[in-house]
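Below, each chain spelled out in residue letters.
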Amino acid sequence: MARPRTERGTGMSRGRVDVRTDLEQVFRSNYAGVVAVAARVLGSRDQAEDVAQEVFLSFGRSSVPADEAGGWLTVAATHTALNLLRSGRRRSAREENACDGPAVVPDVADLVITREERSAVRAALARLPHKQAVTLVLRHSGLSYAEVASALDLSPGSVGTTVRRAESVLLKELNRHASPE
Amino acid sequence: MRHPSDGVLRRLVDEPAGVTDDDRAHVASCPACLRALDSARADARLVGSALAAPRTGDVDTDAAWARLSSAASATTTPAFRPAPTAARRRWGSAVRRPAAAALGAVVILTGAGVAAANDWLPIFQTERVDPVEVTATDLVQVPDLSAYGDLQITQDPEPGQVADAETARERTGLAVPEVADLPEGVTGEPTYQVAGVAEATFTFSADKAARAAAAEGEVLPPPPAGLDGSQLRLQAGPGVAAMWSQPTGVPTLVVARVGAPTVYSSGVPFETVRDYLLSLPGLPEGLADQLRTLSADGGTLPLPVPAELVTSSTADVGGAEATVLTSRNGLFAGVVWVEDGVMTGVAGSLSADELLSVARDLG
């Protein structure tokens, strides 16, 4: 799993197995948000919950300060979800179909269109350069430019450039996908 | 003045305050920049809606926490799981609470005579509770008895990954069970983990046990005559496993086979050790009673699995009675049975029916 930079920076011991005592509090405060970020990348709540488990397990063994947990978890969830997305290997159709949940329960045609679109977006996202994709997801997950810059070791000035470029490429990919052959 | 960059225009959409006054003034009076800003705003809106997450507002945080806490605790349960990265102490543990060590010891000891399910507890826990971190070290384990005496590892199982099933067989003498038909959603080639025979000698120390109990604020009951300084020799393994994993590393399907552990005593009868361990402070009374009763009649061991997370039942697998464990959240299941001193387990993020089907068709 790709880990956010801050983990290395805070001196996490790789041999450590004790789970930190504040894990439950951090988990309960951040779980829904982490799932939402991962779901934004994956388009699947089921997979997003798996990613969240992985991310919180890593956090539980890290020494990331609790007051930095939110940002750390968001970045970790984005990296992990993107890696999963980009691996090109998805969990079985059975799992995807089973647990994405009855979101709005539109009619069948709408549901098909939504799934197709969702799938196209994820495919396009997976084709973006990794840094562009991460920056894009973090920005659209509500992180400020300063937070994105800090998480990804970018200058705040370059966040806008990266986001703008990523949006252009993503939309181009989607238009290409949508246009008739 | 030069036109601000695309990045600055993009930031104007989100954080106008982060853009300099000069740039803002320029954009406000520049038709080209205003058009570019409109374009950036429209693109941002489109991408925002394209990246909208599926509805996640009603996540079940309690259930998710139960799943995570069981996974997290599996890495700190000393009796059943070594610290995966503690290379120098593969059998060691991170936590040495006397009650936990005693529980592990009792599980091993009470199962010694019946070659029952004692050794599949760690494997079950690994699959069920901490599916991210299945390692070969999990295949063969002994409890951490060091709170009660001196545990000397006399043979290291040298766990590790091997290239293929044939190498696994050569390393362990165990044939990797062959899966006839992979369940839906399980694809690709498995990785193979092996571990050799593990052997350790434990020398009971009344003094050390008393100190461990005192550290927990407990008083150690006086040990029976002859127990202080007596030795137990523990042996387990070898083990072999084939694992199919998701990209995240979470095993989808694990098929494992491991030699059940045996215990040899240097003098003090097994029952004496068992009863003493069961009398130690910290062990829940009901659990101690259950262990005492079941080990007395030589029957199948109870599994100290977390009841709030797992349900168990039995099923027939090729004439053997298998125990079927299913996590209450439906995410994981396992099927385990023992034949001729060898335990075989099939587990993963599949339904119990799918795993039973795999188990019954194993080659």
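Residues numbered from 1 in each chain as written. Chains lettered and ligands numbered in written order. Predicted model: local features only at pLDDT ≥ 70, side-chain atom pairs only at ≥ 80, totals over all residues. Heavy atoms only, no water.

Chain B is annotated in an unreviewed UniProt entry as Anti-sigma factor RsiW from Blastococcus colisei.

1. With respect to the overall build of chain A
Applicable threshold: By definition, any uninterrupted DSSP run of H or I lasting at least four residues is a helix, any uninterrupted run of E lasting at least two residues is a strand, and each is numbered from the N terminus. For the exposure calls, accessible area comes from a 1.4 Å probe over protein chains only, and a residue counts as buried if that area is under 20% of its type's maximum, exposed if over 50%, partly exposed in between. Residue contacts are counted whenever heavy atoms from the two residues lie within 4.5 Å of one another.
If you tally the helices and strands in chain A, you get nine helices and zero strands. Walking chain A from its N terminus toward its C terminus, one meets helices and strands in the order α-α-α-α-α-α-α-α-α. Burial status across chain A gives 49% buried among its 181 residues. Long-range contacts, defined as pairs at least 24 residues apart, comprise 76% of the intrachain contacts of chain A with a sequence gap of at least 6.

2. A look at the overall build of chain B
Note the following rule: Surface accessibility follows the Shrake-Rupley procedure with a 1.4 Å probe radius. Residue values consider only the protein chains on display as shielding.
A count of helical and extended segments in chain B gives 11 helices and 12 strands. Counting across all 363 residues of chain B, residues that qualify as buried make up 53%. Within chain B, contacts between residues separated by at least 24 positions form 67% of all contacts whose residues are at least 6 apart in sequence. Carbon and sulfur atoms provide 49% of the accessible area of chain B, an area that totals close to 15,300 Å².

3. A short note on the confidence of the model for chain A
Regions with low pLDDT carry predicted coordinates that are not meant to be interpreted in detail. Defined as follows: Every residue gets a pLDDT, meaning the predictor's confidence in that residue, from 0 to 100.
The share of residues in chain A with pLDDT of 70 or more is 70%, and the mean pLDDT across the chain is 74. Within the model, the stretch residues 1-17 of chain A combines pLDDT values under 50 with 40 contacts to residues more than four positions away or in other chains.

4. Section: the nonpolar core
To keep things clear, this is the line we draw: Put simply, a nonpolar core is a bunch of buried Ala, Val, Leu, Ile, Met, Phe, Trp, Tyr and Cys residues held in one set by side-chain atoms that sit within 4.5 Å of each other.
If you look at the biggest cluster of nonpolar residues, it comprises 59 residues, and the most contacted ones within it are F56(A), L73(A), L125(A) and L136(A). Per-element tally for this core: the top contributor is helix 2 (residues 23-42) of chain A, with 11 residues. Beyond its immediate stretch of four places on either side in the chain, L125(A) contacts V41(A), L82(A), L85(A), A133(A), L136(A), V137(A), L170(A) and L51(B). Core analysis: the next-biggest nonpolar cluster, separate from the first, contains 29 residues, L253(B), V255(B), A320(B) and L356(B) among them.

5. Section: the environment of H26(B)
Along the chain, the position of H26(B) falls in helix 2 (residues 21-29). A sequence separation of 23 residues divides H26(B) from H3(B), and the C-alpha atoms of the two residues are 7.5 Å apart.

6. Some details on the pattern of salt bridges
As a reminder of what qualifies: The salt bridge criterion pairs a side-chain nitrogen of Lys or Arg with a carboxyl oxygen of Asp or Glu, the two atoms within 4 Å.
Per the counting criterion, the structure on display carries 15 salt bridges over all chains. Put simply, R28(A) and E24(A) hold a salt bridge, and the shortest N to O gap is 2.9 Å. Placement of both R28(A) and E24(A) in helix 2 is noted, with a separation of four residues, approximately one turn of the helix. Judged by its relative accessible area of 35%, E24(A) falls in the partly exposed class. Here R45(A) and E49(A) are joined by a salt bridge, their closest N and O atoms 3.2 Å apart. Highlighted residues: R45(A) and E49(A), both in helix 3 (residues 45-60), separated by four residues, approximately one helical turn. A single burial state applies to R45(A) and to E49(A), both of which are buried. Taken together, the salt bridges that share partners define one network made up of R139(A), E167(A), R10(B) and D14(B).

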